[in-house]
Amino acid sequence: MSFEFYKPSNIKEASELLKNPGYVAVVGGTDTIVKVKGGFYKALKALVDLNGLFSKEIKVEGDKCIIGSACVMNNIAHNPVIVENFPALAEAALSVAAEQIRNVATIGGNVGNSSPVGDTIPALYSLEAEVNIVGGEEKRTVPINEFITGVGRNVLQPGEMIESFAIPMRKTKGAFQKLGERKALSISKINLGLSYWNDGKPHYRIGMGAVAITVLRVTKAEEFLEAAPHPLSDETIQQAAQYAIETAKPITDIRSTKEYRKQMAGVLLKRALNAIKN
Amino acid sequence: MNTDEKRISIQFNLNGHDVKTEVLPGMTVLEMIRRNFKLTATKEGCGKGECGACSILFNGLPINSCLKLAATLTPSDKIVTVEGLADDELMQRIQKAYVDEGAVQCGFCIPGMTISTYSLLKKNPKPTMDEIKYALAGNICRCTGYRKIEAAVAKAAERGEK
Ligand SMILES: Cc1cc2nc3c(=O)[nH]c(=O)nc-3n(C[C@H](O)[C@H](O)[C@H](O)COP(=O)(O)OP(=O)(O)OC[C@H]3O[C@@H](n4cnc5c(N)ncnc54)[C@H](O)[C@@H]3O)c2cc1C
Ligand code: FES
Ligand code: FES
């Protein structure tokens, strides 16, 4: 297969290139190169290398934590701000693939790939993250739950890229749970991110992946948990798990069946709630 | 190879030397080090990021060279393959431990295994068995059943303490 390769020296140039049909952005390449080799891109004209254009850093700015889109999984998983405040995201990043992939796989690529099984996505839902988008000179911000619109589809227009993610700065407790064939190097059959914080009243946010074309929020369980007496009883947790099962709308595919996934939605929520209980 | 395809000149540091070469747009770092530089210790197993046979150090960290495009390399990037660690005390200790423990059968996975082992012991000279397993989770071996490989890593760590 013949295609071109471009290494734009600034965001504006990258944006102009990406307006062309068949031009695909690449950063870590762990999704893109597998797809190129597998012949997934039928009309691939060029790869556009975004390495060096976006920040790899994590920093706190005012009331937000900003994660550059080029930040790799291993850096997210071990960053003190993330570990301290957003454990659901730290655990999700640590669960991705294996060491060699986590050293190059970026959060921008995980979200940009927009797969319903991307592991950081449910965690970002649970943390009410926002996606900062840049296209040439224009910028806009979209809540994570409005960013992904279908399997491999998102709101990015030709020429737009993910610059960073913004997470409201607050101390959360949280957990990330996933089921795969084995611990390392396995794509989730189902995954779940849970975050909890208390600002005078309890807040629960639950994102669940691989149970629909995009990640789902389990709002019924969230509202139920917020109204329930604390500490949570086993019955409360059981009822919340039931809501997760009802919310899940999975399909059967090569990785799992829809019946199994539905049941496991409940199990994962139970595990996550038990993990943050102390 | 299609000769009218666009060739891209790149510069980077390979095993301690600044080098220049020409690559095609879709060429991976794995293909480049094997073809352009004839460094064949690094192996292609799956070509998809799943087996770790192609592991190299990229700016000091292990990555799968089968998924990294050569054209993305820049002059400040440092690549180290097993060949580049031939005289390294830690790598020699690891290789000897693999041999002593009988952890090498066909050998295909070993360059990648030893790169992952090297990276682990560099930052964590006394790993627990769980830490060893975790660090090697991205490397598949079809022959040994892993026990001897884990024992070899533990032995290399133990010998380093003296
Ligand atoms: C063996 C293996 C195991 C894996 N295991 C897991 C796993 O356990 N969990 C998991 O979630 N994923 C897994 N993945 C998938 C992949 O590693 C992740 O999705 C990773 O985060 C992608 O990041 P990247 O930088 O490599 O993306 P790339 O491949 O460079 O890009 C991915 C997509 O995002 C787009 N993109 C990248 N950056 C931007 C940006 N800044 N703006 C707009 N679009 C952008 C690209 O155009 C492309 O469509 C695995 C992959 C492999 C090969
Ligand atoms: S050849 Fe690169 S991981 Fe298998
Ligand atoms: S020794 Fe043969 S694959 Fe590991």
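None of the values given here were measured: they were computed from a predicted structure. Residue numbering note: each chain is counted from 1, following its sequence as written. As they are written, the chains are lettered A onward and the ligands numbered 1 onward, keeping that order. In keeping with the predicted nature of the model, local features appear solely for residues at pLDDT of at least 70, side-chain atom pairs appear and are counted solely at 80 or more, and the whole-chain, interface and lining totals rest on all residues. As a rule here, side-chain values come from all non-hydrogen atoms in the structure, and water together with hydrogens is ignored.

J.: Tell me about the interface of chain A and chain B, residues and numbers included.
T.: Every contact between the two is made by 27 residues of chain A and, on the other side, 30 residues of chain B. Buried area: the accessible surface (1.4 Å probe) lost by two parts on joining, summed over both. Taken over both partners, the interface formed by chain A and chain B buries close to 2,200 Å², and the fraction arising from carbon and sulfur atoms is 59%. In terms of surface lost to chain B, no three residues of chain A exceed Phe5, Lys37 and Gln100 of chain A, which account for 29% of the buried area on that side. Just to be clear on terms, a salt bridge is a Lys or Arg side-chain nitrogen sitting within 4 Å of an Asp or Glu carboxyl oxygen. Joining chain A to chain B, the criterion identifies two salt bridges. Measuring nitrogen to oxygen at the nearest pair gives 3.4 Å for the salt bridge that ties Glu4 of chain A to Lys6 of chain B. Put simply, DSSP H or I for four residues or longer makes a helix, DSSP E for two residues or longer makes a strand, and each gets a number counted from the N terminus. Listed by contribution, the elements that provide at least two residues to the side of chain A that touches chain B are strand S1 (4-6), helix H2 (32-37), strand S3 (46-49) and helix H6 (99-102) of chain A. Among the elements that make up the side of chain A that touches chain B, the one with the highest residue count is H6 of chain A (four residues). Any two residues whose heavy atoms approach within 4.5 Å at even a single point are treated as in contact.

J.: Tell me about empty space enclosed by the protein, and name the residues and values.
T.: The pocket and cavity definitions rest on a 1 Å grid over protein atoms only: a 1.4 Å probe that fits but cannot leave marks a cavity, an open set with protein on both sides within 12 Å along at least five of seven lines marks a pocket, and residues lining either have an atom within 4 Å of a point. Grid points are joined across faces, edges and corners, and a volume is the space filled by probe spheres set on the points. Using the criterion set out here, one finds one cavity of 30 Å³ or more in the structure. When its volume is computed, the largest cavity comes out at roughly 40 Å³. Contributing to the lining of the largest cavity are Gly28, Thr30, Gln100 and Val104 of chain A together with Ile63, Asn64, Leu67 and Lys68 of chain B. Across the lining of the largest cavity, the residue classes tally to three nonpolar, four polar and one charged. Side-chain classes are defined by residue name, with Ala, Val, Leu, Ile, Met, Phe, Trp, Tyr, Cys and Pro counting as nonpolar, Asp, Glu, Lys and Arg as charged, and the others, Gly among them, as polar.

J.: Explain helix H12 (residues 258-276) of chain A residue by residue, including any values.
T.: The end-to-end C-alpha distance of H12 of chain A is 27 Å, a good match for the 27 Å that 19 residues give at a rise of 1.5 Å each. Buried residues in H12 of chain A make contact with strand S11 (173-179), strand S12 (190-198), strand S13 (202-209), helix H10 (219-227) and helix H11 (234-247) of chain A. Every helix has an expected span of 1.5 Å times one less than the residues it contains.

J.: An account of the site of ligand 1 is needed here, citing residue identities and associated values.
T.: Residue and element names in this part refer to chain A. In the region of ligand 1, 38 residues are neighbours, and Ala25, Thr30, Asp31, Thr32 and Thr106 sit closest. A distance of 2.7 Å separates a nitrogen atom of ligand 1 from a polar atom in the side chain of Asp119. Surface accessibility follows the Shrake-Rupley procedure with a 1.4 Å probe radius. Residue values consider only the protein chains on display as shielding. Considered on its own, ligand 1 offers 980 Å² of accessible surface; in the complex 93% of this is hidden by protein. For the shell around ligand 1, the elements supplying multiple residues, two or more each, are strand S2 (23-26), H2, helix H7 (107-113) and strand S10 (161-168). Ranked by residues supplied to the shell around ligand 1, first place goes to H7 with five residues. Residue composition of the shell around ligand 1, by class: 18 nonpolar, 15 polar and five charged. We call a residue near a molecule or strand when any one of its heavy atoms sits within 4 Å of it. The definition of a polar contact used here is a pair of N or O atoms within 3.5 Å, where within protein one atom must be able to donate a hydrogen and the other to accept one, and adjacent residues in sequence count solely through side-chain atom pairs.

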